[in-house]
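Structural overview for review
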Amino acid sequence: VQKNDIYHGLAKFLEPLPDVVLDVPSALQTTSTILVSLLDFRVIDWSFIVASNGLSPAWDPLLGTSVGQTVFAEVLSTAEEVQLSETELRRALPKLLGKEGDEAILKFMEEKELSFLLPLLTAQKNLDSMLKQGKSATEMVGWVDDALGGLSPDASFVRWLIRALLDKVSQKPKFEIREFEAYNPLLNRIISLESEGDDREASKKSLQLQIASLFEIQNYYTQQKPGNKVPILAIFQSLYKSGVVSKRAFLQWAEDREDKTPGKSEVLSQTGKWITTLGEESAEESDNEEKEDME
């Protein structure tokens with residue numbers, strides 16, 4: 001028996017479930033128990049529950065229904081090991097809920113007591129609340145140290161944080177770079193969660209997060225109206241001086257031709273000379289290192 005045969009059979013089993021539940025409410029729990037057993041014993045894998053394009057076809061009759069949501073939540077809460085990333089869950093849940101947006105996703109997971117499966121989204125909600133309450137960067141860094149010690153931020157989280165901070169500082173009539181700089185320790189702490197220790201892979205991820213932050217600033221700058229744009233060169237220089245974004249990250253961002261974020265040429269027109277200076281410094285540092293190695 002091939003897995004596809006099992007999937008096909010399960011699809012036929014799940015299709016009438018919304019009608020069956022009307023007469024036999026216990027069918028919900030029974031269905032969840034069957035799916036969990038199949039997952040725990042590796043008869044089916046998690047791609048049946050969440051596929052790359054959202055929920056797999058077998059779940060189509062249950063999308064957007066309370067039956068599908070209940071079964072899905074039961075499977076997540078009782079499985080021996082949930083082999084789904086937060087990204088996969090956030091991709092799949094809108095189809096299951098019939099709603100878009102992080103707020104709807106987190107509300108559903110909190111109601112089902114499953115928000116622990118979405119640590120980054122939960123952290124995003126908490127940090128957003130702290131920003132609205134006017135908490136200082138020091139307080140926010142303290143919260144990060146207490147709550148996110150074992151967390152791995154991804155690019156979407158860092159991009160959200162950059163935008164949230166820019167929005168916060170831009171609320172005043174004039175953008176004050178000192179107010180943005182006050183949050184640099186928070187940005188540094190979030191990005192450094194990926195680079196603690198000497199692990200090369202962790203350092204690579206940290207570099208990717210730094211570059212992601214630059215692309216989000218670029219995106220934010222492009223979306224602002226002429227005459228009301230943030231001082232992007234001052235922001236870049238602030239991130240560099242505080243050690244949030246490295247020279248290497250700035251140079252890779254400038255050289256990137258694959259990312260589709262709009263506004264690269266516009267931002268380079270404001271920052272190009274400074275970026276060129278960084279490139280010259282980097283080349284000089286490399287020459288000096290080569291000379292030292294030869295001596």
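Below or above, wherever it landed, is the structure these notes cover. Since this is a predicted model, take the numbers as computed values, not measurements. (Residues numbered from 1 in each chain as written. Predicted model: local features only at pLDDT ≥ 70, side-chain atom pairs only at ≥ 80, totals over all residues. Heavy atoms only, no water.)

1. Brief notes about the overall build of the protein chain
Cut-off, in case you're wondering: Each helix is a run of DSSP H or I of at least 4 residues and each strand a run of E of at least 2, with the numbering of both proceeding from the N terminus. Between two residues, a contact is recorded if the distance between any of their heavy atoms is within 4.5 Å. Reported accessibility uses the Shrake-Rupley method at a 1.4 Å probe radius. Residues are deemed covered only where the shown protein chains occlude them.
A count of helices and strands for the protein chain gives 15 helices and zero strands. The C-alpha extent of the protein chain, read off along each of the three principal axes, is 75 × 55 × 35 Å. Once local pairs closer than 6 in sequence are excluded, the contacts in the protein chain between residues at least 24 apart make up 67%. With an accessible surface of roughly 16100 Å², the protein chain has 49% of that area assigned to carbon and sulfur atoms.

2. Observations regarding the pattern of salt bridges
Our working definition: Salt bridges are defined by distance alone: a side-chain nitrogen of Lys or Arg within 4 Å of a carboxyl oxygen of Asp or Glu.
In this structure the tally under the stated criterion is eleven salt bridges. A salt bridge links Glu216 to Arg159, with the shortest nitrogen-to-oxygen separation between them at 2.9 Å. Separated by 57 residues along the polypeptide, Glu216 in helix 12 (residues 200-223) and Arg159 in helix 9 (residues 155-170) bring together distant segments of the chain. Put simply, Glu281 and Lys247 hold a salt bridge, and the shortest N to O gap is 3.2 Å. Of this pair, Glu281 sits in helix 15 (residues 264-294) while Lys247 sits in helix 14 (residues 247-255), placing them 34 residues apart in sequence. By sharing partners, the salt bridges in this structure join Glu86, Arg90 and Asp102 into a single network.

3. A look at the packing of helix 5 (residues 86-97) against helix 6 (residues 102-111)
This is how the line gets drawn: Angular values range over 0 to 180 degrees, each being the angle between N-to-C directions of two axes fitted as lines to C-alpha atoms, with helices fitted over their stretch in contact. The labels follow the angle: roughly parallel below 35 degrees, roughly antiparallel above 145, roughly perpendicular from 65 to 115, and oblique for the rest.
Their axes nearest at 10 Å, the elements helix 5 and helix 6 cross at an angle of 85 degrees. The orientation of helix 5 with respect to helix 6, classified from their angle, is roughly perpendicular. Residues Arg90, Leu93, Pro94, Leu96 and Leu97 of helix 5 lie in contact with helix 6, whose contacting residues are Asp102, Ala104, Ile105, Phe108 and Met109.

4. Examining the nonpolar core
This is how the line gets drawn: We define a nonpolar core as any set of buried Ala, Val, Leu, Ile, Met, Phe, Trp, Tyr and Cys residues linked to one another through side-chain atoms lying within 4.5 Å. A simple rule labels every residue: compare its accessible area, found with a 1.4 Å probe on the protein chains alone, to the largest value its type can have, and call it buried under 20%, exposed over 50%, or partly exposed in between.
Core analysis: the largest hydrophobic core is formed by 51 residues, its most contacted members being Phe180, Phe236, Leu239, Phe250 and Trp253. Elements with a minimum of two residues in this core: helix 7 (119-132), helix 8 (137-147), helix 9, helix 11 (184-192), helix 12, helix 13 (232-241), helix 14 and helix 15. For this core, the element with the most residues is helix 9, which contributes nine residues. Those residues in contact with Trp253 that sit more than four places away from it in its chain are Ile211, Leu214, Phe215, Gln218, Phe236, Lys264, Val267, Leu268, Thr271 and Ile275. Core analysis: the next-biggest nonpolar cluster, separate from the first, contains 39 residues, Leu35, Val36, Leu106 and Leu117 among them.

5. Description of empty space enclosed by the protein
For clarity, the cut-off: Only protein atoms enter the 1 Å grid used here. Points where a 1.4 Å probe fits but cannot escape make up a cavity, open sets with protein on both sides within 12 Å along at least five of seven lines make up a pocket, and a residue lines them when an atom lies within 4 Å of a point. Grid points are joined across faces, edges and corners, and a volume is the space filled by probe spheres set on the points.
On inspection of all chains with the given rule, the structure shows one cavity of 30 Å³ or more. Size it by volume and the largest cavity reaches roughly 30 Å³. Looking at the largest cavity, the residues that line it are Leu39, Asp40, Arg42, Trp46, Ala79, Glu80 and Glu81.

Just distances and angles here, no functional claims.
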